[in-house]
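# Summary of structural features
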Amino acid sequence: MHWNTVRPIAALALWCLAISPGCASAAELLKARLAQNLGPISGLAIVAKSKGIFEKNGLDVTVANFTSGKQCLDTVIGGGADIATTAEAPVTAAAMAGQPIAFVAGMEYSDLKTVVTAKAAIKTRADLRDKRIGFTAGTGSEVYTATLLKSAGLTAKDVTLVNLRPQEMLPALAAGSIDAIDTWEPHIANAKKALGEAVAELDTSGTYSETFNIVVMRPYLDANPALIEKFIAALIDAEVWMKAHPDDAITVVADAVGMKRDELAPIWTDYVYRVRLDDRLVEILKTHSAWRLESGNHPPGAVMPDFSKVVVSEPLKKMAPERVTLSWK
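The rules behind each value
- Residues numbered from 1 in each chain as written.
- Predicted model: local features only at pLDDT ≥ 70, side-chain atom pairs only at ≥ 80, totals over all residues.
- Heavy atoms only, no water.
- Salt bridge = Lys/Arg side-chain N within 4 Å of Asp/Glu carboxyl O.
- Helix = DSSP H or I, 4+ residues; strand = E, 2+ residues; numbered from the N terminus.
- Buried < 20%, exposed > 50% of the residue type's maximum accessible area, 1.4 Å probe, protein only.
- Contact = heavy atoms within 4.5 Å.
- Pairing = 2+ DSSP bridges.
- Axes fitted to C-alpha atoms, helices over the stretch in contact; angles between N-to-C directions.

## Let's talk about the pattern of salt bridges
- Taken as a whole, this structure holds 17 salt bridges when the rule is applied.
- A salt bridge links D158 to R129, with the shortest nitrogen-to-oxygen separation between them at 3.3 Å. One end of the pair, D158, is in the loop between α6 (140–151) and β7 (160–163); the other, R129, is in the loop between β5 (113–117) and β6 (132–135), and 29 residues separate them in sequence.
- What makes R129 partly exposed here is its relative accessible area of 40%.
- Across the salt bridge formed by R274 and E239, the nearest N and O atoms sit 3.7 Å from each other. Residue R274 is found in strand β11 (residues 272–278), and its partner E239 is found in helix α10 (residues 225–244); the two are separated by 35 residues along the sequence.
- What you see here is one network of salt bridges that share partners, running through E239, K243, R274 and R323.

## A word on the side chain of E239
- E239 gets classed as buried once you look at its relative accessible area, which sits at 2%.
- When neighbours within four sequence positions are excluded, E239 is seen to be in contact with L44, Y273, R274, V275 and R323.

## Brief notes about the sheet that holds strand β12 (residues 324–325)
- Spatial ordering of the open sheet is given by β2-β1-β3-β10-β4-β11-β12, a layout of seven strands whose pairing is mixed. Only two strands of the sheet have a single partner each, and these edge strands are β2 (59–66) and β12.
- Of the strand pairs in this sheet, strand β3 (residues 83–86) and strand β10 (residues 209–217) are connected by four bridges, and their pairing is antiparallel. Residue I83 lies in a different strand from β10, and its bridge partner there is V216.
- Along the sheet face, helix α4 (residues 69–77) touches β1 (30–37), β2, β3 and β10 and points at about 160° away from the line of β3.
- Strands β1, β2, β3, β4 (101–111), β10 and β11 of the sheet are contacted by α10, whose axis makes an angle of about 140° with β11.

## Side note on unusual backbone geometry
- Here the bond from E185 into P186 is cis, since omega is 5°, no more than 30 degrees from zero.
- Within the element layout of this structure, P186 appears in the loop between β8 (180–183) and α8 (187–195).
- Non-glycine residue A121 carries a positive phi angle of around 55°.
- Tracing the chain through its elements places A121 in the loop between β5 and β6.

Geometric values such as these leave the question of function open.
The following block contains the structure:
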């Protein structure tokens, strides 16, 4: 455990537990409601809850699980939760809609990937021309697809784009109705495992990374700065624990999200868990926003958000200043 991030109330709680089972209630844990996308991308929050790390940092966190970061952020915007785990797509949508959100930390990122059918004879990015590509509209998958095509000198007019939910992609590949899929793990690994030599992964490394982040409403942050600081401290402690106990961490996350351990283990290193605020995060937010402006997928009159007003670095700076490396700081 990263003891430098534990606040005094957390130390008191541990001391109380050591000497008296009934003393823990006197620690007055701060209550928070977390809207969480139940997937490996939420690994830090999952571990913080499962291993009692939130409590050790003075928090009583109630978790409501959802299947997408958009649902999580919508729940927070609607007042049904206090803290959201979410990717950059819902963040840019909310920022462009003028919602008073506060992006307080990134906690994970991972590259999106492409799997192609062997019979489609796709060996390079340029070979995607005239092929049928499965993607998920309104998510990082759509931005990744646009970025991938551009890197190959192609546009959407040069391919056939098929909008699918991630769970629909494997059946479509198996049926031969599409030639390729652009998505995130574990759907890539699932397709490769299920279809074997009938598919292959195209080398698209470095094309686009999807982030997973902690977002709250600005009024909530202003009213509860100590709570958000403790939440971030707990995520840092969870990160330290995960890196010290990788095998146990895989088991904890797999059990929580309903995956078999032997399915998560081979792709575990694809999930880069680190609590931070850096220029890479901001560039991904800007890239996604630029895609919204170019594609028309934005509210009327929207412009590029000023992310120096959306990203709020003070809570993380207070807990671990070395993890904030923003150019505008």
